[in-house]
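For reference, the chains in residue letters:
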Amino acid sequence: MNNDKWSEKELEDTLRRMPPVKDKQTKDELFHAVKQRADKEAPQRKASKTWFFPAMASAAALLLVVLMIPSFMNTGMFSSGDGPAPADNGGTDTFDTADNNEPAEENNSPSVQNNEENVENTNTVSPDTDGSESSGPEEEAAENENESENGNESDSVNENEGENENENGNENETENADENGSQSPGSNDVDDSENNRNNDSADSLEEASEEDNYFEANDEEYSVEEEESLIVTSAMLEEDEIYYVIPEAADGMSKEEAVVYALQESDPTSGSYFEALEEAVFNGGSSNEITLHFAEENQLASLSSAEHYFMEEVLQETLALYQVSEVNFEAGEEELLIGQLGESEVDLSTLNRGYYPLSSGEGLVSAGTAGEPMTSGTGDPLNFDETLTQMEEVSGQDWYEPAVPDTVEIEDVRYEGKTAYVFYSAEEDSDESFETFKEAVQLTAKYFTLDTVQLVNEEEKEVTLLPVQLP
Amino acid sequence: MREEFERLYSAYHQQLFQYLFYLVRNRETAEELVQEVYIKVLHSYEAFEGKSSEKTWLYSIAKHAAIDWIRRQSRKKRKFEGKEYEWSEREFEIEDKQPLPDEIVARQDEIQHVYKTMKKCTKDQQQVIVLRYIQGLSIAESADILGWSESKVKTTQHRAIKALQKHLQTDGENVPGKEGSP
């Protein structure tokens, strides 16, 4: 077939001529099937709850028994010298649970230490030193420095991988059973006296993670909606020559594929020169370099200075969110010198804190391009939760808007490993601004060492799962 | 319930079924999903606030049902193979196992070819192609259903046609001639 045969118009006409496909089910058959399925689903829900409350009551009773027996031992009811009361207890504590709390209060629990040895480097957040609330995850570079010293203060939730039961005894196992149904994720900011409880919750989270996330494992309580990873293409606001991004579903694309797709779709050159882009290769290492391989016959050397500038803007908007800091150009086996300056590499800034929807609805503008604040008063880059707070307002501009709609209030942000839980309440959550909010949050998270963001609406028992990184 | 069902059925059913069919590209699955849509609609009809039209509300429920199904398929496949498959997983399943539906087989080669090639577009692009061209919905209606801005619908539509054109041209040599068509 001649390649010229498919003009846009012909293609559009052909699509319009696609045959209507009719449902072969009759109306009655369909109604019957719908009714049958609806009836079938309703009792199932009831049945699934019937075991829940008795199970909870049994677990609670068992917990009480387990808590009471050791106290009888300590108060002399079982006063034999062979009794199990620990020697260091002094016989003064009423409840033996203090024995478990003691190491936790010291924040130096053996279980935590053991687990840290096993899972060193898994904690990518930088928790506050008081252990009461974790702070936002740092950038990649900071992550590598975080491998030691965090030990005692670090968020216990990340560090416990199933060994607590050995250290904390049966009480915790029982509590775990009791709490699995109701403990919220990310609740690691309770006070230290509840560290054991947190350990339990961490156990349940670890188990749940095998089934993708906590809420799926507890889907009786939370409805979970999983969004797709996003990629961006970029386009220019003609009047101001400002580049913005248009989010799209990644559709299973790898980072490399996403880069090629984004650059070809966002091609800022007059002659569509990026069509000659054949491959993108991430070079790895700490410098986060990427090499763009072009066909040997390409026109990139003839870029005008304006095109060169636009190309740099596009590279910044489409690649920096993959933490790319240096872009190299190659054609065949050799360096490709582009534009009038004959450069073969472009440096990018990997610092961006937030995205804001354009008032025109065409896409989102990065905080870096918009000039919104990206650092705190001390000059440090904002962490993830500070960035979300920043995204609630804009500094007097009218061409873009706050990313957090008026109808949404962010109540809290917590972290579990590489997952951020954003707790919010919403007056209404199905409008377009909420969709844009989700896009802005997901793109913002790409600049942090986060794998997933979970938007949690506790009131509505709804969770939106935003996968952040591409494979 | 019956009254409500009958009204929705006569007003929207065939359109809704066609939408689901072109998204999942399988008649049996579309039949199951359309039942699921009615169950959801009839359960939540009282909660419908009328912010959007009834039609776009139904379509958004259908869209979610189809996307959920596609994701479930991807997860099953991932668990089975231990690999990452997303949209593409569904593609080769269809390519390898699904015969062309009768309605498509009965049409000219060029329609068959475009139908087969559509699956090479991204999910967003396919959504827009189905809504805008096959279903003939307006930009505003499509935007409402997809939860996008109208600009995004326009941009995606433009890119979808470009992408489809490119895929057709790439595959062109292996396809029966379009010249014979009227």
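As the structure is a computational prediction, the values presented were derived from the model and not from experiment.

## Concerning the overall build of chain A
The helix and strand tally for chain A stands at 16 helices and 16 strands. For chain A, buried positions account for 39% of its 471 residues. Within chain A, counting contacts between residues at least 6 apart in sequence, those at least 24 apart form 63% of the total.

## A few points about the overall build of chain B
When helices and strands are counted, chain B shows 9 helices and 0 strands. Listed N to C, the secondary structure of chain B is α-α-α-α-α-α-α-α-α in terms of helices and strands. Out of the 182 residues in chain B, the part that is buried amounts to 38%. Of the contacts formed within chain B by residues at least 6 apart in sequence, a portion of 61% connects residues at least 24 apart.

## A closer look at the nonpolar core
With 75 residues, the main nonpolar core has Leu319, Tyr356, Leu364, Ala420, Val422 and Val453 of chain A as its most contacted residues. Residue contributions to this core peak at 6 residues, all from helix α16 (residues 432–445) of chain A. Looking at which domains feed residues into this core, each of domain 2 (253–347) and domain 3 (369–467) of chain A supplies at least three. Grouped together as the second largest cluster of nonpolar side chains are 48 residues, Ala30, Leu58, Val114 and Ala160 of chain B included.

## Some points on the sheet that holds strand β3 (residues 223–226) of chain A
All names here are of chain A. Within the open sheet, the 5 strands sit side by side as β3-β16-β15-β14-β13. Their pairing is mixed. Each edge of the open sheet is held by one strand with a lone partner, namely β3 and β13 (408–416). Across the sheet, the axes of successive neighbouring strands diverge by a mean angle of 20°, strand direction being ignored.

## Considering helix α12 (residues 255–265) of chain A
Taken together, the buried positions of α12 of chain A are occupied by Ala258, Val259, Tyr261, Ala262, Leu263 and Glu265 of chain A. Looking at the buried side of α12 of chain A, the elements it contacts are β4 (230–237), β6 (277–284), β7 (289–294) and α13 (305–319) of chain A together with α9 (150–171) of chain B.

## Remarks on the pairing of strand β14 (residues 419–426) of chain A
All names here are of chain A. Of the strand pairs in this sheet, β13 and β14 are connected by 8 bridges, and their pairing is antiparallel. In the strand pairing of β14, arginine 414 is matched with tyrosine 421. As paired strands, β14 and strand β15 (residues 452–457) are joined by 5 bridges and run parallel to one another. In the sheet register, tyrosine 421 faces β15, and the bridge partner there is glutamine 454.

## Examining helix α2 (residues 27–44) of chain B
Across its 18 residues, α2 of chain B extends 26 Å between first and last C-alpha, which sits within 8% of the 26 Å expected from 1.5 Å per residue. Among all positions of α2 of chain B, only Ala30, Leu33, Val34, Gln35, Glu36, Val37, Tyr38 and Val41 of chain B are buried.

## What about the packing of helix α1 (residues 8–16) of chain A against helix α7 (residues 123–134) of chain B?
Running from amino to carboxyl end, α1 of chain A crosses α7 of chain B at an angle of 80°, the nearest separation of the two axes being 8 Å. Relative to α7 of chain B, α1 of chain A is oriented roughly perpendicular. Every residue of α7 of chain B that contacts α1 of chain A at Glu12, Leu15 and Arg16 of chain A is listed here: Ile129, Tyr133 and Ile134 of chain B. The class makeup of the residues in the contact of α1 of chain A with α7 of chain B is 4 nonpolar, no polar and 2 charged.

## Focus: the pairing of strand β5 (residues 242–249) of chain A
All names here are of chain A. Taken across its 8 residues, β5 has 6 buried, putting it largely inside the fold. Direction of pairing for β4 relative to β5: antiparallel, over a ladder of 8 bridges. Following the sheet pairing, methionine 236 is matched in β5 by tyrosine 243. Following β4, the chain reverses through 4 residues before pairing antiparallel with β5; glutamate 241 in that reversal takes a positive phi of roughly 55°.

## Looking at the packing of α1 of chain A against α9 of chain B
Packed helix pairs are specified by the crossing angle of their axes together with the interaxial distance, meaning the distance between the axes. Where α1 of chain A meets α9 of chain B, the axes come as close as 10 Å, and the angle between the chain directions of the two elements is 100°. As summarised for this structure, α1 of chain A and α9 of chain B are arranged roughly perpendicular, according to the angle between their axes. Residues Glu8, Leu11 and Glu12 of chain A of α1 of chain A pack against Ile161, Leu164 and Gln165 of chain B of α9 of chain B.

## Concerning the environment of serine 359 of chain A
Residue and element names in this part refer to chain A. Structurally, serine 359 can be placed in the loop between β11 (355–357) and β12 (364–366). Since 11 C-beta atoms lie within 10 Å of it, serine 359 is described here as exposed. With 40 residues separating them in the primary sequence, serine 359 and tryptophan 399 have C-alpha atoms 5.2 Å apart. Leave out the neighbours within four places in its chain, and serine 359 touches Asp398, Trp399, Tyr400 and Glu401.

## A word on the confidence of the model for chain B
All names here are of chain B. Per-residue confidence for chain B gives a mean pLDDT of 77; residues scoring 70 or more make up 74%. Contacts of residues 83–97 to residues separated by more than four positions or lying in other chains number 22 contacts, the stretch itself having pLDDT below 50. In the predicted structure, residues 177–182 sits below a pLDDT of 50 and forms 6 contacts with residues beyond four places in sequence or in another chain. Across the whole predicted complex the pTM is 0.49, and at the interface the ipTM reaches 0.82.

## Observations regarding the environment of methionine 18 of chain A
As for its position among the elements, methionine 18 of chain A is in the loop between α1 and α2 (27–50). For methionine 18 of chain A, a count of 21 C-beta atoms within 10 Å corresponds to the buried category. Filtering out sequence-adjacent residues up to four positions away, methionine 18 of chain A remains in contact with Ile111, Tyr115 and Ile134 of chain B.

## Quick notes on unusual backbone geometry
Residues and elements named next belong to chain A. Although it is not a glycine, aspartate 251 adopts a positive phi angle of roughly 50°. Tracing the chain through its elements places aspartate 251 in the loop between β5 and α12. On the neighbour-count criterion, aspartate 251 (21 C-beta atoms within 10 Å) is buried. If you check the backbone angles, lysine 461 has positive phi at about 55° while not being a glycine. The exposure class of lysine 461 is partly exposed, given the 15 C-beta atoms found within 10 Å.

## Some remarks on the confidence of the model for chain A
All names here are of chain A. Mean pLDDT for chain A: 71, with 63% of residues reaching 70 or above. When mean pLDDT is compared element by element in chain A, β11 scores highest at 94, while helix α7 (residues 156–159) scores lowest at 34. In this model, residues 76–136 is a region of pLDDT below 50 whose contacts with residues beyond four sequence positions or in other chains number 112 contacts. Throughout residues 138–212 the model reports pLDDT below 50, and contacts reaching past four residues in sequence, or to other chains, amount to 146 contacts.

Reading the values: rules and limits
- Residues numbered from 1 in each chain as written.
- Chains lettered and ligands numbered in written order.
- Predicted model: local features only at pLDDT ≥ 70, side-chain atom pairs only at ≥ 80, totals over all residues.
- Helix = DSSP H or I, 4+ residues; strand = E, 2+ residues; numbered from the N terminus.
- Buried ≥ 20, exposed ≤ 12 C-beta atoms within 10 Å, placed from the backbone.
- Contact = placed C-beta atoms within 7 Å.
- Core = buried A, V, L, I, M, F, W, Y, C linked by C-beta atoms within 7 Å.
- Domains from an automatic or database assignment.
- Pairing = 2+ DSSP bridges.
- Axes fitted to C-alpha atoms, helices over the stretch in contact; angles between N-to-C directions.
- Expected span 1.5 Å × (residues − 1).
- Parallel < 35°, antiparallel > 145°, perpendicular 65-115°, else oblique.
- Nonpolar A, V, L, I, M, F, W, Y, C, P; charged D, E, K, R; others polar.
- pLDDT = per-residue confidence, 0-100.

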